[in-house]
Amino acid sequence: QVQLVESGGGLVQAGGSLRLSCAASGRTFSSWTMGWFRQSPGKEREFVAAIRWSDGNTYYADSVKGRFTISRSNAKNTVYLQMNSLKPEDTAVYYCAASHRNYYSAYGPDQVDYWGQGTQLTVSS
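Cut-offs and rules
Throughout this description, residue numbers start from 1 for each chain and increase along the sequence as written. Given that this is a predicted model, residues contribute local features only at a pLDDT of at least 70 and side-chain atom pairs are listed and counted only at 80 or more, while totals for whole chains, interfaces and linings are drawn from all residues. Computation of side-chain values: all heavy atoms of the structure, hydrogens and water removed. Two rings belonging to Phe, Tyr or Trp (six-membered ring only in the last case) form a pair when the distance between their centres is within 6.5 Å. Interplanar angles under 30 degrees mark stacking, angles over 60 mark edge-to-face geometry, and anything in between is tilted. To qualify as a helix, a DSSP run of H or I must reach at least 4 residues; to qualify as a strand, a run of E must reach at least 2; elements of each kind are numbered from the N terminus. Each residue gets one of three labels from its accessible area relative to the maximum for its type: buried under 20%, exposed over 50%, partly exposed in between, using a 1.4 Å probe on protein chains only. A ring is scored as having a charge over it whenever the NZ atom of a lysine or the CZ atom of an arginine sits within 6 Å of its centre and within 35 degrees of its normal. The pairing criterion is simple: DSSP has to find at least two bridges between the two strands. Here, axes are lines fitted to C-alpha atoms. For helices the fit covers the stretch in contact, and angles between N-to-C directions go from 0 to 180 degrees. The disulfide criterion used throughout: a pair of cysteine sulfur atoms within 2.5 Å.

Participant: Explain the packing of aromatic side chains here, please?
Facilitator: The geometry of an aromatic ring pair is captured by the separation of the ring centres together with the interplanar angle, meaning the angle of the planes. Counted according to the given criterion, the structure contains eight aromatic pairs. Taken together, a centroid distance of 6.0 Å and an interplanar angle of 45 degrees make the contact between Phe47 and Tyr59 tilted. Of this pair, Phe47 sits in strand β5 (residues 46-52) while Tyr59 is found in strand β6 (residues 58-60), placing the two residues 12 residues apart along the sequence. With centroids separated by 4.5 Å and ring planes inclined at 15 degrees, the aromatic side chains of Tyr103 and Tyr107 adopt a geometry described as stacked. On the basis of relative accessibility, which here comes to 4%, the residue Tyr107 falls in the buried class. The structure contains a cluster of three or more aromatic residues connected by ring pairs, namely Phe37, Phe47, Tyr59, Tyr95, Tyr103, Tyr107 and Trp115. A cation over a ring is seen here: Arg45 above Tyr95, with NZ or CZ 3.7 Å from the ring centre. Geometry around Trp53 places Arg72 over its ring, the cationic atom sitting 5.9 Å from the centre.

Laid out in structure tokens, this is it:
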């Protein structure tokens, strides 16, 4: 019922910035959380950031606090991830995620109801 489409990935030098977008289509709900996960080859898919749609409250992984900002556009039904001061270790496939719940902390991949197809971010040194 819900489709998520990411865009905005690419190649950027260390210290640079990039913004990812995720547009949701189909039936959506006000009481849901949208966020971003990332995964590198051979590693587990890890939580990056999330935003509660109802009130806009956000939560970040420690590794990206102060560098990444998640935001939303209700009119466009879109979530964004602004990434600043990028590091090579940020290199990963970034996945948009949606859950039909209000979360108040970081959550795991098994709690995600819908996934985007992923967009590659590569940070060069």
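Participant: How do you make sense of the sheet that holds strand β7 (residues 68-73) when you look at a structure like this?
Facilitator: Across the sheet, four strands lie side by side as β1-β3-β8-β7; this open sheet has antiparallel pairing. Edge positions in the sheet fall to β1 (2-7) and β7, since each has one partner strand and no second. Along the sheet, successive strands turn relative to each other by an average axial angle of 15 degrees, direction set aside. Two elements, β7 and strand β8 (residues 78-83), share six bridges in a ladder whose sense is antiparallel.

Participant: Would you mind showing me how to read the state of the cysteines here?
Facilitator: Put plainly, a disulfide is one covalent bond tying together the sulfur atoms of two cysteines. In this structure the tally under the stated criterion is one disulfide. Across a sulfur-sulfur distance of 2.0 Å, Cys22 and Cys96 are joined as a disulfide pair. The S-S bond linking Cys22 to Cys96 shows a torsion near -85 degrees; that makes this disulfide left-handed. Within this pair, whereas Cys22 is found in strand β3 (residues 18-26), its partner Cys96 is found in strand β9 (residues 92-99), the two being separated by 74 residues in sequence. Among the residues examined, Cys22 registers a relative accessible area of 0% and is labelled buried. Residue Cys96 is classed as buried on the basis of its relative accessible area of 0%.

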